[in-house]
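# Coordinate analysis (summary)
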Amino acid sequence: MIFPRGFGSSRAVRYGLIALLVISSMLAGTSLLLSPVKGRPLTLEEFREGKVAGAVFTRLSKKEFGKKRYGLEPGVWVSGKRAMEVGAVDELSRANEPAFRVREGNALYINESLRKLLSSGSGDVVLALDLPGAVMRTAHLGGSAFLLLGMLALMRHMGKGQAVGAPVSQTKRLHALDSLRGVAAMCVFLFHASGVMFPGSWFTLGKVNTEYAVPAVAKWIMTPPFSLVLNGELMVHIFWVLSGFVLARPLLKKASFDLVAKATAKRYFRLLPLPFITTVASFFLYTSGGFFTGHFNDLSRFDSGMFTIGMVPMTFTSMLWEAVFLGRGFNAPLWTVQLELVGSLALFGLIACTLSMARRELVWGAVLAVMMFVWPQKFMVDFLAGLFIAAHSLRRPDFRLGGGVALLVLAMVVAIGSIHMSRDLSGTWFAWYPSLGVWPLHIAATLAVGLALYSQAAITLLSWRPLVWLGERSFALYVVHALTLHTVGQGVAVVFMKMGLAPVAASTLGLGFCVMATFWISDLLTRWVDWPSVNFSNRVGNWLMTAQVKTESAAEDVVKEGLVPSKELQGEMPCSR
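Residues numbered from 1 in each chain as written. Predicted model: local features only at pLDDT ≥ 70, side-chain atom pairs only at ≥ 80, totals over all residues. Heavy atoms only, no water.

## Overview of the overall build of the protein
Scanning the protein for helices and strands turns up 22 helices and eight strands. For the protein, the proportion of its 577 residues judged to be buried stands at 48%. Excluding contacts between residues fewer than 6 apart, the proportion of contacts in the protein whose partners are at least 24 apart in sequence is 77%. Accessible surface computed for the protein: about 27700 Å², of which carbon and sulfur atoms make up 65%. (Helix = DSSP H or I, 4+ residues; strand = E, 2+ residues; numbered from the N terminus. Buried < 20%, exposed > 50% of the residue type's maximum accessible area, 1.4 Å probe, protein only. Contact = heavy atoms within 4.5 Å. Areas by Shrake-Rupley, 256 points an atom, 1.4 Å probe, with all protein chains shown as cover.)

Here it is, written out as structure tokens:
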């Protein structure tokens, strides 16, 4: 247990959280009243070292900028106000994307507006001790800790009455599809790890690191059929086809409008807790300097990018906005969760509109055609593919693929997935393949889900208990792996490189520790957040549905008593039609 029994219901814990929020608010307010006392004036010449797309970079000496006094770091001030757009960075992971940065170090990034202020000489720009910044960081850390503890306490409360370690409705879930989701999440993890822990030119498309020659093992991994394992794009399409199937099947089976309404009402609350926690945790780590990308790149020179900090302002407000609306600004892999929510709601709407139709598959086909050739957001094709599979599984519950057909389907999935991941198809008989875009991935993802559903051999393999365990924790693994890569993975690698180990060997060891830590954290998050979030979403859905039922029931009682004519009542309550 990571929390004592009764966590979240204790009066001391509640009062502690309230006190933490009050203190954080007071610190934030105090920081606004503080101003720098002294500072060394900065000149334009100090910012003429380099410029990329309006961003100006310089490196002040370690003696001046790296020096701390009273535990405070220096900061840049313009006319007595902290220049929030200026970040103290150690290195820029992507030269054309200045927001991909880490806070430590002695480099300064200045945007074009501040550069003009420097050149005009109208502003007083100084380098001074950043006391308000230190206070604000403390407030941000306290506020982030409050949000994390609050969500964990809420999920702990929602998990009451449920045995920890037993997922909701486990007997009704399809183990094979769970396992397929887990395998896909693990492949995405490995794909991101290949770009974070090793030189980009080894595995990552379109990124070149000339300092390290591509070894034979990397070339082997990037060769079909082995490159399938690193095809994270295909795995995301598999996620969406699985979601379309899993969400649509119970609604089509029971054909209940109330069930569709409840599923729609609770979907956001089902997806919210895990992305919320990982977004807040990412901001907490960023503010406290918990990401090791800067140190890792300085020692290894791998030029690794960051999957945790996106092109958004690094403020508490932006973090809260991203956390509530499933944004990817502080945890890049969450972009798929945003589309998951949009696709789910659109799927529910389509099902509700066609639930009572005798030939609803024709309408689905027409919508699918529009999605394929008209609408630019083609991720909905995967949800619709899952919808068709769900309808077929209900119509033909005993359908199974023969051994030969299953092998053919598997070969097509492996061929499409691995060829799509290959770096250079020009000059070969596959040169025409890139012109197909993502359409082969839609096909491969649909075939993969159909194989896991209809092939007895695939079902037997995917029902292996370790794969089922991985599938049950797939959502938590997916949303947390970017954080563990930049903390545990790169942090352990930094330790070994400082001990004298070669960068590649240190990164390999760091990745091993990262995999173990990710599994452990994913298990904790699944038990303490993901499974209770099912209860949370169900309670919200039941509450919303109950309120509607009570309203309609009260209206019917009024009509029965003869107090209000039914026609007038219907005119006042259009939702009851």
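Next comes the rest of the write-up.
## Description of a nonpolar patch on the surface
On the surface, Leu-501, Leu-509, Phe-513 and Met-516 cluster together to form a nonpolar patch covering roughly 350 Å² of accessible area. With respect to the helices, strands and loops of the structure, Leu-509 is situated in helix α21 (residues 503-560). (Patch = residues over 30% accessible without salt bridge, like charges linked within 9 Å, V, L, I, M, F, W, Y side chains within 5 Å. Salt bridge = Lys/Arg side-chain N within 4 Å of Asp/Glu carboxyl O.)

## Side note on the environment of Leu-341
Mapped onto the elements of the fold, Leu-341 is located in helix α13 (residues 335-354). Taking the C-alpha atoms as reference points, Leu-341 and Leu-272, 69 residues apart in sequence, are found 9.7 Å from one another. Setting aside its immediate chain neighbours within four residues, Leu-341 contacts Arg-267, Tyr-268, Leu-271 and Leu-326.

## So, the confidence of the model for the protein
Counting all residues, the mean pLDDT for the protein is 77, and 65% of those residues have values of 70 or more. When pLDDT is averaged over each helix and strand of the protein, the minimum, 36, is found for helix α22 (residues 566-572) and the maximum, 96, for helix α20 (residues 474-498). (pLDDT = per-residue confidence, 0-100.)

## Considering the packing of helix α5 (residues 175-197) against helix α19 (residues 465-472)
One way to put it is that α5 packs onto α19 with a least axis distance of 7 Å and a crossing angle of 70°. Taken together, the axes of α5 and α19 are roughly perpendicular relative to one another. Where α5 abuts α19, its residues His-175, Asp-178, Ser-179, Gly-182, Val-183 and Met-186 lie against Leu-467, Val-468, Leu-470 and Gly-471. Across the contact of α5 with α19, the residue classes break down as five nonpolar, four polar and one charged. (Axes fitted to C-alpha atoms, helices over the stretch in contact; angles between N-to-C directions. Parallel < 35°, antiparallel > 145°, perpendicular 65-115°, else oblique. Nonpolar A, V, L, I, M, F, W, Y, C, P; charged D, E, K, R; others polar.)

## Regarding helix α8 (residues 232-254)
Over its 23 residues, α8 runs 34 Å from end to end, which matches the ideal 33 Å to within 8%, given 1.5 Å per residue. Along α8, the helix axis deviates most sharply at Ala-248, where the bend reaches about 30°; the proline Pro-250 sits within four residues downstream. Counting buried residues along α8, 17 of its 23 residues qualify, which places the element largely inside the surrounding structure. The positive-phi residue at the C-terminal boundary of α8 is Ala-255, with phi of around 50°. (Expected span 1.5 Å × (residues − 1). Bend = angle between axes of the 7 residues up to and from the residue.)

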